[in-house]
Amino acid sequence: MGCTKKINENEDILWTRRSYLDEIERIENENNSFPWNREEFIKNLRDSDIISTSYLIGEDVVGYSFFGLYNDRIELLNLGVDKRFWGRGIGGHFIGILKDTLLPLRQRKKIEAIVREGDLPMQVFLRGQEFKAVEILENWYDNNFEDGYLFEFRTDAKRMYLPKNRISEHLNGTPIW
Ligand SMILES: CC(C)(COP(=O)(O)OP(=O)(O)OC[C@H]1O[C@@H](n2cnc3c(N)ncnc32)[C@H](O)[C@@H]1OP(=O)(O)O)[C@@H](O)C(=O)NCCC(=O)NCCS
């Protein structure tokens, strides 16, 4: 059952199955200093608010995402791509699906992700995906003293992040202060 767009003939994104977890855990362990363990993966798979998709090339799982889907936001909880396939657009494909899931005219307008301060690759990746770091969450993690950086992608980002020309807004009509 494909749930999304296809890239190549033998590549697809599918809902994650428990049978994928061996490969997902291997990728997770290779990529991270503080990886999720089997218990965390299963707990998240069972949570009805959390959705997980996996990227398959042929029969092989080469990437995965876990995200919470809420009325007002999407929370990206975990995203990993097998090192051998980095830089091929697989991570971007997962993010593209999340962006498609936003509801521009309703209240689900943003994707949030909390990234460890030491996880530079993920930060660079998210910046390339038009996310902005909006908050530092001090001592966010239990297992070390790292801060978390809250990244956001918003459908109304242009309005939110571009500097406002307060004077021209004032002159054009309603004052904003
Ligand atoms: C971040 C991640 C999901 C990106 O997946 P991907 O399939 O390679 O992503 P895409 O091909 O769509 O995008 C690649 C872009 O992400 C960024 N990026 C990915 N890996 C990077 C790295 N190691 N260093 C710096 N930037 C990186 C770059 O901007 C890159 O663009 P470029 O190829 O033009 O340079 C993947 O690298 C991953 O799973 N990383 C594991 C996270 C990690 O390493 N954590 C460290 C824990 S401390």
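Note: the structure precedes this text.
Just so you know, these numbers come straight off a predicted model, no measurement behind them.

A word on the sheet that holds strand β1 (residues 11–15). Adjacent strands of a sheet form backbone hydrogen bonds with each other and so pair up, either parallel or antiparallel. Pairing is mixed in the open sheet, where 7 strands are placed in the order β1-β2-β3-β4-β5-β7-β6. Only two strands of the sheet have a single partner each, and these edge strands are β1 and β6 (132–137). Pairs of neighbouring strands in the sheet enclose a mean axial angle of 25°, with direction left out of account. When β6 meets strand β7 (residues 148–154), the two strands line up antiparallel, connected through 5 bridges. Of the residues in β7, the one forming a bridge with Leu 137 is Gly 148. On top of the sheet, helix α3 (residues 90–101) reaches β1, β2 (50–57), β3 (60–69), β4 (73–81), β5 (110–116) and β7; it is set at about 165° to β4, its chief contact.

Let us look at the environment of Tyr 141. Note on placement: Tyr 141 falls in the loop between β6 and β7. Along the chain, Tyr 141 and Arg 116 lie 25 residues apart, while their C-alpha atoms are 8.4 Å from each other. Excluding anything up to four places from it in sequence, Tyr 141 contacts Arg 116, Glu 146 and Gly 148.

Calculation notes
Residues numbered from 1 in each chain as written. Predicted model: local features only at pLDDT ≥ 70, side-chain atom pairs only at ≥ 80, totals over all residues. Pairing = 2+ DSSP bridges. Helix = DSSP H or I, 4+ residues; strand = E, 2+ residues; numbered from the N terminus. Axes fitted to C-alpha atoms, helices over the stretch in contact; angles between N-to-C directions. Contact = placed C-beta atoms within 7 Å.

Honestly, that's just the spatial picture; any functional story needs more than this.
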